[in-house]
Amino acid sequence: MDYLLTEQQIMVRDLARKIAKEKITPVAAEHDEKETFPWEIMKVMAESDLCGVYIEEKYGGLGGGAMELCLVTEELSRACGGIAICFAATALGTYPIILFGNDEQKQKYLPDIASGKKLAAFALTEAGAGSDAGAIATTARKEGDHYVLNGVKQWITNGGEAEVYTVIAMTDREKGARGASAFIIEKGTPGFDFGKKEKKLGIRASATRELVFNECKIPKANLLGREGMGFIVAMKTFDKSRPGVAAQAVGIAQGALDHAVKYSRERKQFGKTISSFQGLQFMLADMATEVEAARALTYSVAKMVDTGAKDVSKESAMAKLFASDVAMKVTTDAIQVLGGYGYMRDYPVEKYMRDAKITQIYEGTNQIQRNVIALELLKEQLRG
Amino acid sequence: MNIIVCIKQVPDTQDIRINPETNTLMREGVQSIVNPFDMYAIEEALRIKERLGAASTKVTVLSMGPSQAEEALREAVSMGADEMVLMSDRAFAGSDTWATSYTLAKGIQKLGKFDLIICGKQAIDGDTAQVGPGIAATLDIPQVTYVKKTEDIKEGLAKFERMTEEGYEVIETPLPCLITVVKEINIPRLPSLKGKIKAKQSKATVLGAKDLEVDPDRLGLQGSPTAVKKIFTPPKRTGGQVLQGEVPDIVNKLADSIKDVVISVSKT
């Protein structure tokens, strides 16, 4: 399908595809097995100028947007969803600065992220606050020219590996969700430590850790936007980053489909390749159609984001919801196509299924996405 | 320092097919790539440039071929090469390695002062490994073939490690010189986005026969003494012979059959 990408977008996609094929595919299984962080791939990404595709040129990026972020994430995910998320989670951690940072903050943090010198991470979730983001317990106490943070963030992608963290903490607990604020915190700040590295079902190349703040003192200049805007920062960030998760899901589904098609032409049963059986052909046809539909929705939303549309919550949620459900289904079917071989870890397909699962959970569970969509639908009806 | 990298656009042999009747390459629909050995040459030039300082070193990529060979040159620029020169002219068509070496050497002379010429050890389509050495001979400069490491390089002098079948040799040579490189020398980098954008915007300098001081009789088909009489696929090897039984018996049988071969060869 032709999505009328610009020349530059095609260049970005092709380069990401080349990196995925030549550099990521050969190491994906090993990083998954050993749960090691793919620094060597991050280095290749940096040298290829891909880290800053969604960052303004003024700050050392390529000047693209959500579409470029999606193209890179999808292509990398086609080879490894875990490695792709190291890139995409940096975008998630960077968007608060892009959207709400002042020029000084952008000048300080964006160039190093665009050049790939530093990774970023976003920290909202806590043990007692997942879907109910308003329930976060981490606090930021104002003391003169500083804020002092206390609390523990949980399951933070790129935790420990990233240098720059955007963290949501309560500055005024009594105001509930309106009492949350967003901060930029650098690794190495006294009072800021990391908990254990989590053991996960999928995306095992990526690092997931706790962030522990214990009387962590940061300058006032690290506040993003104004006090009380933390929740808005988080929601607006998710609006922009959800197409990225959708793209990850599309890439994972495409990768699994690629393997299934290839295998179906090699595997012989009853004296014929299994691709000659209509039952299997129908499965492949359905998988391909679903992947293309997910891609079309994802790209449409990414383009909508890039044209500067004001409210993209509903569409963004739809893309993430649909693409991740497709990824789960297609990767499960891909294993079915490979049969017993698909279930074995010697073949790459079971990993796609493990990697796909998280896309239905993070950056808002798919149930939360449905909430967002329904809420917007009902609001639209009220507006008439 | 001026470094010139000679590259060739070749069909991607990974998806190549041979016409079984004519035994020639079926080029339709086959993608063109930069000769893989030339990728190591480009990478080595870029590494030397990084080592000596970007400001004082210029990497020029040079290719002889039809206009579409500019794509290969662009790939080198997207990796970081500074300039590209395409030698393209109907008069060059049909060149064998002798005429190609001559033409490329004349093109290099036209470009002015140079310190180092780097070529891949051979192209994967012809596999002759003759053009690099041919250029050096025409220009009358030293050559070091099968280089696997640049040990040292500075104004007027360089030291290379050269692969041999037994090990390697260390060769010190004055500059200018020509080297051909093997795949052990480095891992070529991927292009960068900024490089790709630059490559898209740049244009190759095109040199034709009339731009060069050349003897027209030494160009193209008429300047090529090589004549291809016939192209054929060598017969497939047959299965061989498996010796079975007790070890001493096998050794004796083997020794006898070797003797037979030696006798029959010495008789012919």
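Further up the page is the structure itself.
Residues numbered from 1 in each chain as written. Chains lettered and ligands numbered in written order. Predicted model: local features only at pLDDT ≥ 70, side-chain atom pairs only at ≥ 80, totals over all residues. Heavy atoms only, no water.

## So, the environment of A:Tyr263
All names here are of chain A. Mapped onto the secondary structure, tyrosine 263 falls in helix α6 (residues 230-266). C-alpha separation for the pair tyrosine 263 and tyrosine 59, spaced 204 residues apart in sequence, amounts to 45 Å. Setting aside chain neighbours within four positions, we find tyrosine 263 in contact with Ile274, Val337, Leu338, Tyr341 and Tyr347. (Helix = DSSP H or I, 4+ residues; strand = E, 2+ residues; numbered from the N terminus. Contact = heavy atoms within 4.5 Å.)

## Topic: the interface of chain B and chain A
Contact with chain B, which involves 11 residues of that partner, is made by 18 residues of chain A. When the two sides are added together, the surface that chain B and chain A hide from each other amounts to roughly 1,200 Å², 69% of it contributed by carbon and sulfur. Taken as a group, B:Leu190, B:Leu193 and B:Lys196 account for 52% of the area that chain B buries against chain A, more than any other trio of residues on that side. Applying the counting criterion to the chain B and chain A interface returns one salt bridge. Linking B:Lys200 and A:Glu7 is a salt bridge whose minimum nitrogen-to-oxygen distance equals 2.6 Å. Applying the counting criterion to the chain B and chain A interface returns five residue pairs in polar contact (both at pLDDT 80 or more). Along the lines of polarity and charge, the residues of the side of chain B that touches chain A split into five nonpolar, two polar and four charged. (Buried area = accessible area lost by both parts, 1.4 Å probe. Salt bridge = Lys/Arg side-chain N within 4 Å of Asp/Glu carboxyl O. Polar contact = N/O pair within 3.5 Å; in protein donor to acceptor, adjacent residues only side chain to side chain. Nonpolar A, V, L, I, M, F, W, Y, C, P; charged D, E, K, R; others polar.)

## Focus on a nonpolar patch on the surface
Together, A:Tyr341, A:Tyr343, A:Met344 and A:Tyr347 make up an exposed nonpolar region whose accessible area comes to about 440 Å². Along the polypeptide, A:Tyr347 turns up in the loop between α9 (340-343) and α10 (349-359). (Patch = residues over 30% accessible without salt bridge, like charges linked within 9 Å, V, L, I, M, F, W, Y side chains within 5 Å. Areas by Shrake-Rupley, 256 points an atom, 1.4 Å probe, with all protein chains shown as cover.)

## Here we look at helix α3 (residues 66-79) of chain A
In this model α3(A) runs 20 Å from its N-terminal to its C-terminal C-alpha over 14 residues, within 8% of the 20 Å that 1.5 Å per residue would give. Across the 14 residues that make up α3(A), a large majority, 13, are buried. (Expected span 1.5 Å × (residues − 1). Buried < 20%, exposed > 50% of the residue type's maximum accessible area, 1.4 Å probe, protein only.)

## Quick word on the packing of aromatic side chains
The description of an aromatic ring pair uses the distance of the two centres, along with the angle that the planes make with each other. Under the counting rule described, the total for this entry stands at 15 aromatic pairs over all chains. Between A:Tyr3 and A:Tyr299 the ring centres are 4.8 Å apart and the planes differ by 75°, which places this aromatic pair in the edge-to-face class. Taken together, the residues A:Tyr3 in the segment before α1 (7-34) and A:Tyr299 in helix α7 (residues 278-306) connect sequence positions 296 residues apart. For the pair formed by A:Tyr3 and A:Tyr299, the shared burial category is buried. Each member of the aromatic cluster is reached from another via a ring pair, and the members are A:Tyr165, A:Phe192, A:Phe194 and A:Phe213. Across the ring face of B:Tyr168, the terminal group of B:Lys148 is positioned such that the distance to the ring centre comes to 4.4 Å. (Phe/Tyr/Trp six-rings, centres within 6.5 Å; stacked < 30°, edge-to-face > 60°. Lys NZ or Arg CZ within 6 Å of the ring centre and 35° of its normal.)

## A few points about the sheet that holds strand β11 (residues 168-174) of chain B
All names here are of chain B. One open sheet accounts for nine strands, arranged β11-β10-β9-β12-β8-β1-β6-β7-β13; its pairing is mixed. The open sheet has two edge strands, β11 and β13 (205-207), and neither has a second partner. Each strand of the sheet is rotated relative to its neighbour by a mean of 30°, with strand direction disregarded. Pairing of strand β8 (residues 116-120) with strand β12 (residues 177-181), which is carried by five bridges, proceeds in the parallel orientation. (Pairing = 2+ DSSP bridges. Axes fitted to C-alpha atoms, helices over the stretch in contact; angles between N-to-C directions.)

## Details of the nonpolar core
Membership of the largest hydrophobic core comes to 118 residues, with the highest contact counts inside it found for A:Leu50, A:Val53, A:Tyr54, A:Val72, A:Leu149 and A:Ile185. Ranked by the residues each element gives to this core, the list is headed by α6(A), at 13 residues. Those residues in contact with A:Val72, other than ones at most four positions away along the chain, are A:Val12, A:Ala16, A:Met45, A:Leu50, A:Val53 and A:Phe87. Core analysis: the next-biggest nonpolar cluster, separate from the first, contains 41 residues, B:Met39, B:Leu73, B:Leu86 and B:Ala123 among them. (Core = buried A, V, L, I, M, F, W, Y, C linked by side-chain atoms within 4.5 Å.)

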